[in-house]
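# Per-entry structural report
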Amino acid sequence: MKPSSREPIHGQWSSRWAFVLAATGSAVGLGNIWKFPYITGENGGGAFVLVYLVCISLIGIPIMMAEILLGRRGRRSPINTMRHLAQEEGRHGAWRYLGWLGILAGVLILSYYSVIAGWALAYLVRTGSGVFTGLTADGVNNIFYSLVADPERLLAWHTLFLTMTMVVVARGVRSGLEQAVRYLMPLLLVLLLVLVGYAMNTGAFQQALGFLFYPDFSKLSPNSVLIAMGHAFFTLSLGMGAIMVYGSYLPRHVSITHATLIIATADTLVALLAGMAIFPIVFANGLAPGAGPGLIFQTLPIAFGRMPGGEFFGAVFFVLLIFAAWTSAISLIEPLVAYMVENLRMTRVRATALAGGVAWFLGLGTIFSFNIWSGDRYKLWGLTFFDLLDYLTVNIMLPLGGLLIVIFTVWVMRRESVMSELGVKDGPLFRIWYLVSRYVTPVAVLLIFLHAIGVLQPLLNP
Ligand code: PHE
């Protein structure tokens, strides 16, 4: 089977770096800086981090390679790519529903992602204007709760963030994105290092390192394992077609393996640095590691309020966080927009307006989860709308999508097609990847699912 010579419909990246940067932009986002620390805190620390790292290596990396490979071979939006590749391999057209699953997950995730990114926008204004200077942990807490208690303010920030996202998507993801990621991503790393440097002097750095890296397996429930796996998908943008769509714009000669390793390493590094910046502040101020989704907003401002030049560093930090969230949000609706442009013959602008409108509306559910719907009356199994949406999309839909992607690649596609698209010979490295992807990855995902169902049972039938 010859490598595909198809040209991508929506244009191509200008170079390997453009792809790596865009995919890193998609991967590095709120998942690393906002979500990783708070779920690590909620799930007991070290053992959770270890499972997450194992999931990145044995599940995330093989699936990322598979996803890029499918995208580049299909050269279309995920739905059409799956339909086309299934046809090419003489398989059932139902594989295209995998594309639909991803598109649905993307829009659902974007709806809450944008609300949280809105918090970062609100915090940019607060930090920049010195609101946190000299505040105690309690004072910082109050500011957080007064923000999330106000649906109107949350709505305004959510609307602003989603509009920013839609503007970029409407203009086509490639213009601007490459340049921006190239300069801002390294800056984000530098700023995280500054924060880690500050955290080293809080007096609780050792304690934080112990919390993050000393695995205490008694704290690990089956549900925590599922959350760690879900997060590996979420943080690498896997299982919903974002990486597939970016892969579809990838020039032929680029090594998928190298690109994957760079993206996964950068993403993991950012998450670990964020953890190392945040937990020392948590412990030094006697805060609870399991404080939940507000964790970074309740901790980092304490540091910004005390360090010299904190207003400046704080403002730069939130600019970079917003930027990181922005480049991720773009990739969350790109699969849907690409599909609408291809199949419904819409202009990009119209497609973006429609897709963004749906995400905007759904975002109301997340906004209300923190105020008017936060009472028990509005909860299901003790979870708010936001918690449920996050659980369903990240812990179920993404792993399911990723599982099907890897099964399609290594069980359904011919081995020669896979090899030719990867551009490799039948060497030891290829064999290892193929073996891991055929046996280890799918079995691991399935086992984690089954393990979690065991605990969900009593939850579902109280
Ligand atoms: N990876 C992004 C983050 O960590 C979120 C994301 C998930 C983006 C899925 C695209 C697809 O913030």
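Quick note: structure is the one above.
Residues numbered from 1 in each chain as written. Predicted model: local features only at pLDDT ≥ 70, side-chain atom pairs only at ≥ 80, totals over all residues. Heavy atoms only, no water.

## Points about the environment of Leu 236
Which entries qualify depends on this criterion: Helix and strand definitions follow DSSP, with helices as H or I runs of at least four residues and strands as E runs of at least two, each counted in order from the N terminus. Whether two residues are in contact is decided by their heavy atoms: any pair within 4.5 Å suffices.
Position of Leu 236 relative to the elements: it lies in the loop between helix H10 (222-235) and helix H11 (242-247). Ignoring sequence-local partners within four residues, the contact set of Leu 236 consists of Ala 27, Ile 56, Gly 60, Met 64, Ile 243, Ala 264 and Asp 267.

## Observations regarding the site of the ligand
Cut-off, in case you're wondering: We define proximity as follows: a residue is near a molecule or strand when any one of its heavy atoms falls within 4 Å of that partner. Polar contacts, as used here, are pairs of N or O atoms within 3.5 Å; protein pairs need one atom able to donate a hydrogen and one able to accept it. Residues neighboring in sequence count only if both atoms are side-chain atoms. For accessible areas, the Shrake-Rupley method is used with a probe of radius 1.4 Å. Any residue's cover is judged against the shown protein chains and nothing else. Here a cavity is any set of points on a 1 Å grid over the protein atoms alone where a 1.4 Å probe fits but cannot get out, and a pocket is any open set with protein on both sides within 12 Å along at least 5 of 7 lines; a residue lines the site when it has an atom within 4 Å of a point. For a cavity or pocket, the test is whether more than half of a molecule's atoms lie within 2 Å of its grid points; if they do, the molecule sits there. Here the nonpolar group is Ala, Val, Leu, Ile, Met, Phe, Trp, Tyr, Cys and Pro; Asp, Glu, Lys and Arg are the charged ones; every other residue, Gly included, is treated as polar.
Around the ligand, a shell composed of 15 residues is seen, among which Ala 27, Gly 31, Tyr 113, Phe 234 and Ser 237 lie nearest. Separating a nitrogen atom of the ligand from a backbone N or O atom of Ser 26 is a distance of 3.2 Å. Between the ligand and the protein, one listed contact pairs an oxygen atom with a backbone N or O atom of Ala 27 at 2.9 Å. When isolated, the ligand has an accessible area of 320 Å², and the protein chains bury 100% of it. More than half of the atoms belonging to the ligand lie within 2 Å of the grid points that define the largest cavity. Elements with a minimum of two residues in the shell around the ligand: helix H1 (16-27), helix H2 (30-42), H10 and helix H14 (310-343). Its residues assigned to classes, the shell around the ligand shows seven nonpolar, eight polar and no charged.

## Some points on a nonpolar patch on the surface
The condition that has to hold: Patch membership needs two things, relative accessible area over 30% and no salt bridge, and members are linked within 9 Å if like-charged or within 5 Å if nonpolar (Val, Leu, Ile, Met, Phe, Trp, Tyr). When a carboxyl oxygen of Asp or Glu is within 4 Å of a side-chain nitrogen of Lys or Arg, the pair counts as a salt bridge.
A cluster of nonpolar side chains, namely Leu 50, Val 54, Leu 58, Phe 217, Trp 411, Leu 435, Tyr 439 and Val 440, defines an oily patch on the protein surface of about 740 Å² accessible area. Here Leu 58 shows up in helix H3 (residues 46-74).

## Topic: the pattern of salt bridges
Opposite charge on two side chains permits them to pair, given that their charged atoms come into close proximity. Put simply, the rule is: Accessible area is worked out with a 1.4 Å probe on protein chains only. A residue is then buried under 20% of its type maximum, exposed over 50%, and partly exposed in between.
What the rule picks out here adds up to twelve salt bridges. The partner of Asp 376 in a salt bridge is Lys 379, and the shortest N-O contact between them spans 3.8 Å. The class for Asp 376 is exposed, based on a relative accessible area of 65%. Residues Asp 426 and Arg 431 are paired through a salt bridge, measuring 3.2 Å at the closest nitrogen-oxygen approach. Residue Arg 431 is classed as partly exposed on the basis of its relative accessible area, which comes to 47%. A single network of salt bridges, built from pairs that share partners, joins Arg 72, Arg 73, Glu 88, Arg 252 and Glu 421.

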